[in-house]
Amino acid sequence: MNYRAFSRFVRAVPLTLVYEMEERQGFLQTTEGNVIHYGFIENFIDNLGKKFHIREIAFDRWGAGGIRKLGIPTVKDRIFQQAITQRLIPVYEPLFTENSYGYRPGRSAKDAIQKVKEYAEQGYTYAVALDLSRYFDTLNHEILLNILRRNVKDERVIQWIKRYLKSGVMENGIVMETEEGSPQGGNISPLLANVYLNEFDQEYEKRGVAFVRYADDIVLLAKSDRAARRLLESSTKNLEETLKLKVNQKKSRVVSVFAIRNFKFLGFTLGKNGKGVYVRVHGKSWKKMKSKLKELSSRRSCQSIRPSLKKIERYMRGWLNYYGIADMKKKIDDLNSWLYHRIRMCIWKQWKLPKTKKRNLMKLGILEYFAHQAANSRRKYWYVSGMGAVNRALTKERLINSGFYDLATAYQSVHVNC
């Protein structure tokens, strides 16, 4: 690809579409108006030599320890990156292997774990779980640029990407130079990350190794423990010596794909029963979800029940859309019952006074004797909200009509479509 061709394909991108995509994602916060002119792209092309900095923020990695840094490019730079990415994807997509799933159109984490399941069904039950330490922060610029030069022939384009990689980050008003890594948060970063690790994919595909990769999450599969250990040794050597990445030796190991505590891939693990191999949610992922539900349905946060139900629905809709592929009907039924109980407990607390509780129970069809007994009970909220009178008053149907998101129904709907 030469410079003139590069200029043409950037100009040819429908910028109104790019702008709308960015606006939907909440990235465009500007007072310059909603019209993006082709002139500013011309300005970018004519001023590729200008250096810019990326604002960086850091946040805790929940449950994983450490922090993750996120780069926030400027509005114009983000749109320019999106325009380049949309044109580079058709160039690199045919070069990626079939077993690469992260940041690729039409592919998802569900496809990745399904592929692991297929391999397990074929007898590949030993997994080499590779953990790359701070992958996005440790990409070697020289290696990445040399890989890009194979398909992007114009050196000026390479130099723009080089300036992007070495643009430096601004944290708390202080600018720091970047000698390695690709800023997470930029539109082009996922593509560059895939291009870099595609070298690893191509090498192990040539060797006939069964593997699945989603971004920097890599799983190599073998039919025996001995073969898996050889793969761990060779893959670590390839990643560290050839690609100059750092493999976390403590977390990278050989495990059975059915080891629910030790094997975790994208929040999933595998199980096996009389019917065969199935996908299940990893224990840590389940624990994280339940902890969030406890927070959203706590007596303190449920000051008003309807907004709380909306938050629960929003969170669980997203969670089920991702994890719905897993077999967990019994667990979802139990979780659903537990959540109904939590919501009844919140409502019971909101009614506060015994006379209010008794009046509301009677309005919902409970006999006065049982309403009086429940309303004047000195037991704790959790116990009383599980009593028959409260259950008969606040039935599932009534709670659903009030906005409760029934997890069992939602799961059946998503699981069937997976």
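Residues numbered from 1 in each chain as written. Predicted model: local features only at pLDDT ≥ 70, side-chain atom pairs only at ≥ 80, totals over all residues. Heavy atoms only, no water.

## So, the sheet that holds strand 6 (residues 210-214)
Logical step 1: The four strands are arranged 6-7-3-8 in an open sheet whose pairing can be described as antiparallel. Looking at the sheet topology across the chains shown, the edges are occupied by strand 6 and strand 8 (253-256). For this sheet, the mean inter-axis angle between neighbouring strands, taken without regard to orientation, is 25°.
Logical step 2: Lying over the sheet, helix 5 (residues 109-121) contacts strand 6 and strand 7 (217-222), oriented at roughly 165° with respect to strand 6.
Logical step 3: Strand contacts of helix 9 (residues 225-242): strand 3 (126-131), strand 7 and strand 8, with the helix running at about 20° to strand 3, the strand carrying the most contacts. (Pairing = 2+ DSSP bridges. Helix = DSSP H or I, 4+ residues; strand = E, 2+ residues; numbered from the N terminus. Axes fitted to C-alpha atoms, helices over the stretch in contact; angles between N-to-C directions. Contact = heavy atoms within 4.5 Å.)

## With respect to helix 9
Because an α-helix completes one turn every 3.6 residues, residues spaced three or four positions apart along the sequence face the same direction.
Logical step 1: The end-to-end C-alpha distance of helix 9, which contains 18 residues, comes to 25 Å, matching closely the 26 Å that a straight helix rising 1.5 Å per residue would cover.
Logical step 2: All of the buried residues in helix 9 are Ala 228, Leu 231, Leu 232, Ser 235, Thr 236, Asn 238 and Leu 239. All buried residues of helix 9 fall inside an arc of 160° around its axis, so they share one side. Exposed and facing more than 90 degrees away from the buried side of helix 9 are Arg 226, Arg 230, Glu 233, Lys 237 and Glu 241.
Logical step 3: In the core, the buried residues of helix 9 are packed alongside strand 3, helix 8 (189-206), strand 7 and strand 8.
Logical step 4: A positive phi of about 60° marks Lys 244, the residue just after helix 9. (Expected span 1.5 Å × (residues − 1). Buried < 20%, exposed > 50% of the residue type's maximum accessible area, 1.4 Å probe, protein only. Arc of directions from axis to C-beta.)

## Structural notes on a nonpolar patch on the surface
Logical step 1: Where nonpolar side chains cluster on the molecular surface, the patch consists of Leu 367, Tyr 369 and Phe 370 and spans about 350 Å² of accessible area.
Logical step 2: Inspection of the secondary structure assignment puts Tyr 369 in helix 14 (residues 368-375).
Logical step 3: Classification of Tyr 369 by relative accessible area gives exposed; the value is 57%. (Patch = residues over 30% accessible without salt bridge, like charges linked within 9 Å, V, L, I, M, F, W, Y side chains within 5 Å. Areas by Shrake-Rupley, 256 points an atom, 1.4 Å probe, with all protein chains shown as cover. Salt bridge = Lys/Arg side-chain N within 4 Å of Asp/Glu carboxyl O.)

## Things to note about the environment of Ile 158
Logical step 1: With respect to the element layout, Ile 158 can be found in helix 7 (residues 155-165).
Logical step 2: When its relative accessible area of 0% is taken as the criterion, Ile 158 is described as buried.
Logical step 3: When the C-alpha positions of Ile 158 and Asn 146 are compared, they lie 9.0 Å apart, and in sequence the two are 12 residues distant.
Logical step 4: For Ile 158, the contacting residues outside a window of four places in its chain are Leu 145, Leu 148, Arg 149 and Val 152.

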